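Below, each chain spelled out in residue letters.
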Amino acid sequence: VLRNGSLAPAWRENTIRSFQAAAASGATFVEFDVQVTADGVPVIWHDNLVEYGDPTRPTQCAVADLTAAEFQALGSLSASGKCQQLAVVRRFRRAAPAGAGDLGGVDVPAASRQRWCCEADDGFPTLEQLFSSLPPQLAFNIEVKMATPDELAFTPEAEIQRMLGPILEVVGRYGGDRQVVFSCFDPDVCRALRAAQQQHSVMFLSTGGRDWHADPRRMSIAAAIDEACSHALSGVVVDSGALRMWPEAAERARSCGLKLLTYGLENDSIEWVLCQQRMGVTGVIVDDMQGLMAVLGRAGREGGGFEQHSAMQQVLAAMPGMSGARNARVVSAVV
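Predicted model, so just to flag it, every value in this text is computed and none were measured.

Student: I'd like a description of the overall build of the chain, backed by residues and values.
Tutor: When you go through the chain residue by residue, the secondary structure sums to 11 helices and 13 strands. The proportion of buried residues among the 335 residues of the chain is 52%. Approximately 14200 Å² of the chain is accessible, and the part contributed by carbon and sulfur atoms is 50%.

Student: Go over the environment of F29 with me, naming the residues and quoting the values.
Tutor: Residue position: F29 is located in strand β1 (residues 29–36). On the accessibility criterion, F29 (2% relative accessible area) is buried.

Student: Before we move on, could you go through unusual backbone geometry and cite the residues and values that matter?
Tutor: A negative phi angle characterises most non-glycine residues, just as the trans form characterises most peptide bonds. The residue N14 is not glycine, and still its phi comes out positive at about 60 degrees. As for its placement among the helices and strands, N14 is situated in the segment before α1 (16–25). Among the residues examined, N14 registers a relative accessible area of 6% and is labelled buried.

Student: Describe the side chain of R218, naming the residues involved and giving the relevant values.
Tutor: Along the chain, the position of R218 falls in the loop between β9 (201–206) and α6 (221–230). Of the polar contacts made by the side chain of R218, one reaches the backbone oxygen of F185; its length is 3.3 Å. Each residue touching R218, except ones within four places of it in the same chain, is listed here: T155, F185, D186, P187, S206, T207, G208, G209 and H213.

Student: Before we move on, could you go through the pairing of strand β12 (residues 283–286) and cite the residues and values that matter?
Tutor: Residues of β12 alternate between two faces, with G283 and I285 on one and V284 and V286 on the opposite face, all of them buried. With 2 bridges connecting them, strand β11 (residues 259–263) and β12 associate as parallel partners. Across the sheet, residue T262 finds its bridge partner in β12, namely V284. Regarding the hand of the β-α-β motif, the stretch spanning β11, helix α9 (residues 270–279) and β12 is right-handed.

Student: Outline the environment of V284, supporting the account with residue identities and numerical values.
Tutor: Position of V284 relative to the elements: it lies in strand β12. Remark: the alpha-carbon pair of V284 and V237, spanning 47 residues in sequence, is separated by 8.9 Å.

Student: Can you lay out α6 for me, pointing to particular residues and giving the numbers?
Tutor: Residues of α6 that are buried: I221, A223, A224, I225, E227 and A228. Where α6 is buried, its residues touch α5 (187–196), β9, β10 (235–239), α7 (240–245) and α8 (249–255). Directly after α6, the chain includes A232, whose backbone phi takes a positive value near 55 degrees.

Student: Any details on the nonpolar core? Residues and values, ideally.
Tutor: Core analysis: the biggest nonpolar cluster contains 50 residues, and F32, L127, F140, I142 and V144 have the highest contact counts within it. If one sorts the elements of this core by residue count, helix α4 (residues 157–174) sits on top with 6 residues. When neighbours within four sequence positions are excluded, L127 is seen to be in contact with F32, V34, P42, V43, I44, I142, I167, V170 and V171.

Student: Mind laying out α5, listing which residues take part and the relevant values?
Tutor: Along an α-helix, residues three or four positions apart point the same way, because every turn accommodates 3.6 residues. Of all 10 residues in α5, 7 are buried; the element is thus mostly enclosed. Every buried residue of α5 is accounted for by P187, D188, V189, C190, A192, L193 and R194. Buried residues belonging to α5 abut β7 (139–144), α4, β8 (180–184), β9 and α6. Measuring from the backbone nitrogen of D188 back to the side-chain oxygen at the start of α5 gives 2.9 Å, which picks out D186 as the cap.

About the thresholds
- Residues numbered from 1 in each chain as written.
- Predicted model: local features only at pLDDT ≥ 70, side-chain atom pairs only at ≥ 80, totals over all residues.
- Heavy atoms only, no water.
- Helix = DSSP H or I, 4+ residues; strand = E, 2+ residues; numbered from the N terminus.
- Buried < 20%, exposed > 50% of the residue type's maximum accessible area, 1.4 Å probe, protein only.
- Areas by Shrake-Rupley, 256 points an atom, 1.4 Å probe, with all protein chains shown as cover.
- Polar contact = N/O pair within 3.5 Å; in protein donor to acceptor, adjacent residues only side chain to side chain.
- Contact = heavy atoms within 4.5 Å.
- Pairing = 2+ DSSP bridges.
- Right-handed = clockwise from strand over helix to strand, strands pointing away.
- Core = buried A, V, L, I, M, F, W, Y, C linked by side-chain atoms within 4.5 Å.

Right under this line is the structure:
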């Protein structure tokens, strides 16, 4: 989670404190990635690998090869609740250049890995801990993170079940009345999620072909829409830059009765976010929640942009069942 447009992280992403900050800033739902440890515990982690130790020669390990205790020890809290020195290292985006725009930035990797230090540290939570720590009115967009290689066109069924079994168990036991949306880049995982339960919506994530994959269903927005239509999914979540290159996708999705959300660096541009609202995009996933809400608040006071600023808080009420008005305003989320 970023602060005031800066690309230096203020709150460590995918932590309880970051999601609490997002909720306090006005987010209606939070998006996060869930992986499953070696001992079957769903934990919150974005990257395919965990890198830790010496930043110049880090150890790399898959979440699936760590126990939950080993994973959480990498971001453990002291008895006082203050985060200890983290062993995890990462690459980071550099600061946005002057004149980049209200929330603009560039995705330039740092020259080397660095220790992952933020203004507000926090430990690495399990999915169960998120359910118990965050307000029930805050909806969850749970991305099932499959760390399989891009060269593998189809994920083995055993790996799909290894992931989904523990995740669905936690959601079923602790979800209560919370609104939950599932999403995944793997179309077979989306199919399995839809077959395993009907209570929560399932969205197919797609890069729109901006990243290569052996599975042709992942290589275009059109293919993603066809997959979602064919298997009764609720909608698609696509790379914002891919939508910019094929804006007709918004009408294509709408004509198929699908919801359309976007993610990506292009959503750092308020102008593009507002353009998506006019196109009928259901929601956007953004990093800088505070900056977005500040700009939208000014637009609302000045009579521009959104017809009703409060509509942002209303859209998600229809999302989990994916019913409600099609002329939805933008939903803000935080990754």
